[in-house]
Amino acid sequence: MRKWAGAMQVAAVYVGTVIGAGFATGKEIVEFFTRFGFIGIISILIAGYLFIALGSKIMVKAIDLKADSYEVFNQYLFGKTISKFMNIFMMFMLLGVCGVMFSGAGAVFEEHLGINKNMGIYITIALTIFIMLIGTKGVFAVNTFVVPMMIIFNFFIMTHVIVMPNFSDAFFHIPELDNGWKGIFAPFSYAALNLILAQAVLVPIAYEVNDKDIVHRGGIIGGALLTLILLSSHFTLITLPNVTQFDIPMATIVQNTFGSIYFIYVAIIYGEIFTSIIGNIYGLGKQMQQYISIHTIWIYIGIIIIVLMISKINYGTLLSYLYPLFGYISLVFMILLWIKNDKGPKKI
């Protein structure tokens, strides 16, 4: 029973890390899947399989390697020389994605609560610092609460949307796109992007849990939940006309269709953005501790200041350009993760 409880906690952190600003708001799902119509469903199933197989592999392998940060894991995948460049790339990548998260949090406050974007970002910073002070227990606690709420509400909305008259037409529709070929690569670039980012959290979490059964089960459960949430969100998003024009399409659908739960759902979207922020900053902080011998909280504050500057760029613009770019580059990481079977070095 203890192992299953631990696995559910690991799964919650896995899901909470992947479901960031783009995922929770629906913008990321539109970019990679929904805009391709029916092809997007097939892509989601492929991405889901990759999340299940490779997410659990990352955590089990992290225990084999006794890896307490993504730097150790990258050395196993890329070798001693190339891993140094990959670690720098990952650091920029995590900072960029955290910038997207903060910008997304500000967009939630501005577009759906009528509060100034900067004020929303500052509130998020204060909450982030508070959770970072608590440490690993804080990361677990936030994810264990927010992730189930997101799943429940997503499925509630989906069950109402799929009975609408236009759902079957939207389900099988394949739009004509100038860049429709990108739909072929979407599941692989999407999974690669999220796995390379998630390893910043999954590797140190696995190291602390130090139980292969727990992390393996957690990876399978987390990957399966991600697949179900992706499908439910996609089924909802295909019913929104001109879905690519909205920065927070999920909230727009809820506002138009389920006004009574609108503010609750906006709070859940914000909660999911927040879980991704604390997960990524936690992973970055763990990495920076190896190079900077100051109190951890000052490392987190330094990271937040850098991310704050990035977040000043428009949320939609950041996501549309950074995520696909990072996704393609991350394909190398996923391919190596897939084919590598040796035990690698025990420790740097």
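Below: a short report on this structure. Computed from a predicted structure; not experimentally measured.

A closer look at the overall build of the chain
1) Next: When its secondary structure is counted, the chain shows 15 helices and zero strands.
2) Next: Relative to a compact globule of 348 residues, whose C-alpha radius of gyration would be 20 Å, the chain shows 19 Å and is just as compact.
3) Next: Across the chain, the fraction of contacts at a sequence separation of at least 24, relative to all contacts at a separation of at least 6, is 86%.
4) Next: Here the chain displays about 14200 Å² of accessible surface, and carbon together with sulfur accounts for 69% of that area.
5) Next: Side chains of the chain carry 20 positive and 16 negative charges; the gap between the two charge centres is 13 Å.

Some words on the packing of helix H1 (residues 2-18) against helix H11 (residues 212-237)
Describing two packed helices takes the angle between their axes plus the distance from one axis to the other.
1) Next: Relative to each other, H1 and H11 sit at 45°, their axes nearing to 7 Å. It follows that H1 is oblique to H11 by the angle criterion. For the element pair H1 and H11, the recorded crossing hand is right-handed. On H11, the residues that touch Arg2, Lys3, Trp4, Gly6, Ala7, Met8, Val10, Ala11, Tyr14, Val15 and Val18 of H1 are Asp213, Ile214, Val215, Arg217, Gly218, Gly219, Ile221, Gly222, Gly223, Leu225, Leu226 and Ile229.
2) Next: Along the lines of polarity and charge, the residues of the contact of H1 with H11 split into 14 nonpolar, five polar and four charged.

As for unusual backbone geometry
1) Next: In this structure, Lys66 is a non-glycine residue whose phi angle is positive, near 55°.
2) Next: Owing to a relative accessible area of 46%, Lys66 belongs among the partly exposed residues under this scheme.
3) Next: Phi angles above zero are rare outside glycine, and Asn242 is one such case at about 55°.
4) Next: Considering the arrangement of structural elements, one finds Asn242 in the loop between H11 and helix H12 (249-257).
5) Next: Among the residues examined, Asn242 registers a relative accessible area of 52% and is labelled exposed.

Remarks on the layout of surface pockets
1) Next: There is about 250 Å³ of room inside the largest pocket.
2) Next: Along the wall of the largest pocket there are 14 residues; nearest its centre are Thr34, His173, Pro175, Ile238 and Val243.
3) Next: Per-class residue counts for the lining of the largest pocket are seven nonpolar, five polar and two charged.

Digging into the packing of aromatic side chains
1) Next: Taken as a whole and assessed by the stated rule, the structure comprises 15 aromatic pairs.
2) Next: Aromatic side chains Phe109 and Tyr270 sit 5.3 Å apart centroid to centroid with 90° between the ring planes, which places their arrangement in the edge-to-face category. Of this pair, Phe109 sits in helix H6 (residues 80-112) while Tyr270 sits in helix H13 (residues 262-288), and the two are 161 residues apart along the sequence.
3) Next: When its relative accessible area of 9% is taken as the criterion, Phe109 is described as buried.
4) Next: Residue class for Tyr270 comes out buried when judged on its relative accessible area of 13%.

Overview of the nonpolar core
1) Next: Counting 125 residues, the largest nonpolar core has Phe51, Met132, Leu195, Ile281 and Phe333 as its most contacted members.
2) Next: Looking at this core, the element that brings in the most residues is helix H10 (residues 182-209), giving 15 residues.
3) Next: Filtering out sequence-adjacent residues up to four positions away, Leu195 remains in contact with Tyr14, Leu50, Phe51, Leu54, Gly55, Ile58, Phe333 and Met334.

Some points on the environment of Ile196
1) Next: By secondary structure assignment, the location of Ile196 is in helix H10.
2) Next: Classification of Ile196 by relative accessible area gives buried; the value is 0%.
3) Next: In this structure the C-alpha to C-alpha distance between Ile196 and Phe38, which are 158 residues apart in sequence, comes to 27 Å.
4) Next: Ignoring sequence-local partners within four residues, the contact set of Ile196 consists of Met86, Phe89, Met90, Met93, Ser330 and Phe333.

Considering the pattern of salt bridges
1) Next: Applying the stated criterion across every chain yields a total of four salt bridges.
2) Next: Note that Asp211 and Lys3 form a salt bridge whose closest N and O atoms lie 2.7 Å from each other. On the criterion of sequence distance, the pair formed by Asp211 in the loop between H10 and H11 and Lys3 in helix H1 is long-range, its members being 208 residues apart.
3) Next: For Asp211, a relative accessible area of 15% translates into the label buried.

Examining the packing of H1 against H10
1) Next: Relative orientation of the contacting elements H1 and H10 amounts to 155°, with a least axis distance of 9 Å. Judged by the angle between their axes, H1 and H10 are roughly antiparallel. In the packing of H1 onto H10, the handedness of the crossing is right-handed. Each of Val10, Val13, Tyr14, Thr17 and Val18 in H1 lies in contact with H10, whose residues at this interface are Asn194, Leu195, Ala198, Val201, Leu202, Ile205 and Val209.
2) Next: Partitioned by chemical class, the residues of the contact of H1 with H10 number ten nonpolar, two polar and no charged.

Description of the side chain of Ser189
1) Next: Within the secondary structure, Ser189 sits in helix H10.
2) Next: Here the side chain of Ser189 touches Ala186 through a polar contact of 3.2 Å, landing on its backbone oxygen.

Criteria and thresholds
Residues numbered from 1 in each chain as written. Predicted model: local features only at pLDDT ≥ 70, side-chain atom pairs only at ≥ 80, totals over all residues. Heavy atoms only, no water. Helix = DSSP H or I, 4+ residues; strand = E, 2+ residues; numbered from the N terminus. Rg over C-alpha atoms; globule rule 2.2 N^0.38 Å. Contact = heavy atoms within 4.5 Å. Areas by Shrake-Rupley, 256 points an atom, 1.4 Å probe, with all protein chains shown as cover. Lys, Arg positive; Asp, Glu negative; His and termini not counted. Charge placed at Lys NZ, Arg CZ, Asp CG, Glu CD. Axes fitted to C-alpha atoms, helices over the stretch in contact; angles between N-to-C directions. Parallel < 35°, antiparallel > 145°, perpendicular 65-115°, else oblique. Left-handed = near helix turned anticlockwise from the far one by under 90°. Nonpolar A, V, L, I, M, F, W, Y, C, P; charged D, E, K, R; others polar. Buried < 20%, exposed > 50% of the residue type's maximum accessible area, 1.4 Å probe, protein only. 1 Å grid on protein atoms, 1.4 Å probe; cavity = no way out; pocket = protein on both sides within 12 Å on 5 of 7 lines; lining within 4 Å. Points joined across faces, edges and corners; volume = space filled by probe spheres on them. Phe/Tyr/Trp six-rings, centres within 6.5 Å; stacked < 30°, edge-to-face > 60°. Core = buried A, V, L, I, M, F, W, Y, C linked by side-chain atoms within 4.5 Å. Salt bridge = Lys/Arg side-chain N within 4 Å of Asp/Glu carboxyl O. Polar contact = N/O pair within 3.5 Å; in protein donor to acceptor, adjacent residues only side chain to side chain.

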